[in-house]
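Letter by letter, the chains look like this.
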Amino acid sequence: MPEPTDDAELLAAAAVALHRHADVLSGLGSLFATAGHQLYLVGGSVRDAVLGRLDTGDLDFATDARPEQVQKLLRPWADALWDTGIEFGTVGAEKDHRRLEITTFRADRYDRVSRNPQVAFGDSLDDDLVRRDFTVNAMAVRVAATGAAEFVDPLGGLAAVRAGVLDTPAKPADSFGDDPLRMLRAARFVSQLGFAVAPRVRTAIEDMAAELGRITVERVAVELDKLLLGDNPVAGIDLMVQTGMGDVVLPDVGGMQMAIDEHHQHKDVYQHSLTVLRQAIALEDEGPDLVLRWAALLHDIGKPATRKHEPDGGVSFHHHEVVGAKMVRKRLRALKYSRHIVDDVSQLVYLHLRFHGYGDGKWTDSAVRRYVTDAGPLLPQLHKLVRADCTTRNRRRAARLQANYDDLEARIAELAAKEDLQRVRPDLDGNEIMQLLGIPAGPQVGEAWRHLKELRLDRGPLTHEEATAELLSWWQARGNR
Ligand code: ATP
Ligand code: MG
């Protein structure tokens, strides 16, 4: 993105971005104009257009028409309609593969107890805009029958975009008192847009961070995901941690800020984690990877709890990957992440240290097989995490670690060429086991299966005869004939 220089340039960028949606805008504009209603493009759509990047996002509109009227106007025109947001005044629609959200002007009040807005509809755009979270999200473009018309910016949103600043339309304390989630949204926009918060916004967050505790985890998790998937999550996380929001929504992350001990023998785990996150992002090859980013951020969260000062003056963190994997599970579950995300992130954290036992390439084939099998489909992400976890400033040491990892990857490739490493399974299946041992389905079959799998991991593929002989001798050793 080129550096924007002045308003004219930003508005020109917006016009170009909006031109891609010209058909939808004029179609919708004439529907509303004919019915005598106002229609404005608002919020994230206008902000992204000004930033010249309105490619994929939904188009958000505001209108004085009430939701039922909006539905009536859209029904014959849209390709699809939905009403999941109707109690908040939002009608969703799809037209020519674009998603549109049209919301009646809001004039909410807040009860300051439950923090849920008491939804009220209004008639004026200005009242609607002043209730929005940040001035950069409170710009509008009038949509006329001919499409995008004049730019409306009563709160100085364009100047804020130019300055790269997130500020609230009204006093930050009032705004955050109405909806504390806006504080976390500030950190999310810091990550997504690369903007900074205004000093008064930062002060208000420092004072009020604890109020985030009233927000449902679902709303928190949506913002955390967007923060982590943004272009600069390190900046967003650091704002969160430094202002106290982290204590409420992700206490283990700030908890990694440990005093550097008197011997300076270990670096600050928190700063290290941010560096690993940055380095993991640099290794991404298929777009932002939520699982990898969570794993990079959280890989060392077991360290504070396992830190021990050793008699020789050193510091150790025994089994921090085991403790950390459990902490990850607990934290991500509390945020109601899907099982798949919880399992994957915690498994990556659990495995992130194993490579350090690799030394100078002395792993047996069995150890390599187990590494691949335990990582399963996470192997590409594990490779990235482990490489990113090297943050030493000592160039020779860093080069040696990367070379060792190259070596491990080469060993994996070599073994994979000889056997199907992705699917290490016993050389006999359950049916064969039952037949050979003459037993019915039951727990013993599972035990036999696991025994053969262990053998398979240790020794690689066995022939049918070898596997049969191994199975029978295991069975006899257990006292069976
Ligand atoms: P994106 O869709 O890219 O995540 P966005 O800015 O569109 O970003 P949304 O959450 O879709 O964010 O919200 C749309 C608009 O609604 C915002 O730009 C803002 O104007 C307003 N808004 C959303 N949430 C709040 C809130 N909690 N308080 C005040 N205004 C809000
Ligand atoms: Mg949006």
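Keep in mind it's a predicted model, so treat the numbers as computed, not measured.

Colleague: Any chance you could break down the sheet that holds strand S1 (residues 39-42) for me, citing the residues and the numbers?
Modeller: Here seven strands make up an open sheet; going across it, the order is S3-S4-S5-S2-S1-S8-S9 and the pairing mixed. Of all strands in the sheet, those bounded by a partner on one side alone are strand S3 (80-82) and strand S9 (147-152). Recorded for the sheet is a direction-independent mean angle of 30 degrees between the axes of neighbouring strands. Where S3 lies against strand S4 (residues 90-95), three bridges are found, and the strand directions are antiparallel. By the bridge assignment, Trp82 is partnered in S4 with Gly92. Relative to S1, helix H3 (residues 43-50) is tilted by about 60 degrees, and along the sheet it contacts S1, strand S2 (59-63), strand S8 (140-144) and S9. Its contacts with the sheet put helix H4 (residues 67-74) on S2, S3, S4 and strand S5 (98-104), and the angle it makes with S4 is roughly 15 degrees.

Colleague: Please give an account of a nonpolar patch on the surface that cites residues and values.
Modeller: On the surface, a cluster of nonpolar side chains totalling about 220 Å² of accessible area is made up of Phe88, Val119 and Phe121. Relative to the helices and strands, Phe121 resides in the loop between strand S7 (117-118) and helix H5 (125-130). Residue classification places Phe121 among the partly exposed residues on the basis of a relative accessible area of 31%.

Colleague: An account of the pairing of S1 is needed here, citing residue identities and associated values.
Modeller: Residues Leu39 and Leu41 line one face of S1 and the alternating positions Tyr40 and Val42 line the opposite face, and both faces are buried. The pairing of S1 with S2 spans three bridges and is classified as antiparallel. Counterpart to Leu39 in the pairing with S2 is Thr63. Taken together, the three bridges between S1 and S8 define a ladder with antiparallel strand orientation. Residue pairing for S8: Tyr40 is matched across the bridge by Arg142.

Colleague: Summarise the UniProt feature "coiled-coil region" (unreviewed entry) in the chain; cite the residues concerned and give the values.
Modeller: Under the UniProt annotation, the feature "coiled-coil region" (unreviewed entry) is placed at residues 391-418. Taken end to end, residues 391-418 is 86% helix and 0% strand, and its two terminal C-alpha atoms sit 34 Å from one another.

Colleague: Lay out the packing of helix H22 (residues 430-437) against helix H24 (residues 464-477) in plain terms, naming residues and giving numbers.
Modeller: Where H22 meets H24, the axes come as close as 11 Å, and the angle between the chain directions of the two elements is 55 degrees. The pairing of H22 with H24 is recorded here as oblique in orientation. Considering the relative orientation of H22 and H24, their crossing is right-handed. Together, Glu432, Ile433, Leu436 and Leu437 of H22 and His464, Thr468, Leu471, Leu472 and Trp475 of H24 make up the contact between the two elements. Taken together, the residues that form the contact of H22 with H24 break down as six nonpolar, two polar and one charged.

Colleague: Report on helix H21 (residues 395-418), specifying residues and quantitative values.
Modeller: In a regular helix each residue adds 1.5 Å, so 24 residues correspond to 34 Å; H21 covers 35 Å between its end C-alpha atoms and thus fits that length. Residues of H21 that are buried: Ala398, Leu401, Asn404, Tyr405, Leu408, Arg411, Ile412 and Leu415. On the buried face of H21, the contacting elements are helix H19 (365-375) and helix H20 (379-388). At the N-terminal end of H21, a side-chain oxygen is found 3.0 Å from the backbone nitrogen of Arg396, two or three residues along, and the residue is Asn394.

Colleague: Which residues make up the pairing of S8, and what are the values?
Modeller: Of all five residues in S8, four are buried; the element is thus mostly enclosed. The sheet contact formed by S8 and S9 spans four bridges and is antiparallel. Its bridge partner being in S9, Val141 is matched across the sheet by Phe151. Turn length for the S8-S9 hairpin, with the two strands adjacent in sequence and antiparallel, is two residues.

Colleague: I'd love a proper account of the environment of Ala295, names of residues and values included.
Modeller: Following the sequence through the fold, Ala295 ends up in helix H15 (residues 290-298). A relative accessible area of 0% places Ala295 in the buried class. When the C-alpha positions of Ala295 and Gln347 are compared, they lie 8.9 Å apart, and in sequence the two are 52 residues distant.

Colleague: I'd like to hear about the site of ligand 1, residue by residue, with values.
Modeller: Lining the immediate surroundings of ligand 1 are 15 residues, of which Arg47, Asp179, Arg182, Arg188 and Lys226 lie closest. Here a nitrogen atom of ligand 1 and a backbone polar atom of Asp133 are 3.1 Å apart. Within the contact set of ligand 1, an oxygen atom lies 2.7 Å away from a side-chain nitrogen or oxygen of Lys226. Out of a free accessible area of 580 Å², ligand 1 has 73% covered by protein chains. Broken down by secondary-structure element, the contributors of at least two residues to the shell around ligand 1 are H3, helix H8 (181-193) and helix H10 (217-229). In terms of residues, the shell around ligand 1 owes the most to one element, H8, which gives four residues. Taken together, the residues of the shell around ligand 1 sort by class into one nonpolar, three polar and 11 charged. Both of domain 1 (7-163) and domain 2 (169-249) provide at least three residues apiece to the shell around ligand 1.

Cut-off values and rules
Residues numbered from 1 in each chain as written. Chains lettered and ligands numbered in written order. Predicted model: local features only at pLDDT ≥ 70, side-chain atom pairs only at ≥ 80, totals over all residues. Heavy atoms only, no water. Pairing = 2+ DSSP bridges. Helix = DSSP H or I, 4+ residues; strand = E, 2+ residues; numbered from the N terminus. Axes fitted to C-alpha atoms, helices over the stretch in contact; angles between N-to-C directions. Contact = heavy atoms within 4.5 Å. Patch = residues over 30% accessible without salt bridge, like charges linked within 9 Å, V, L, I, M, F, W, Y side chains within 5 Å. Areas by Shrake-Rupley, 256 points an atom, 1.4 Å probe, with all protein chains shown as cover. Salt bridge = Lys/Arg side-chain N within 4 Å of Asp/Glu carboxyl O. Buried < 20%, exposed > 50% of the residue type's maximum accessible area, 1.4 Å probe, protein only. UniProt positions renumbered as here; feature names shortened; annotations may be inferred. Parallel < 35°, antiparallel > 145°, perpendicular 65-115°, else oblique. Left-handed = near helix turned anticlockwise from the far one by under 90°. Nonpolar A, V, L, I, M, F, W, Y, C, P; charged D, E, K, R; others polar. Expected span 1.5 Å × (residues − 1). Polar contact = N/O pair within 3.5 Å; in protein donor to acceptor, adjacent residues only side chain to side chain. Near = heavy atom within 4 Å. Domains from an automatic or database assignment.

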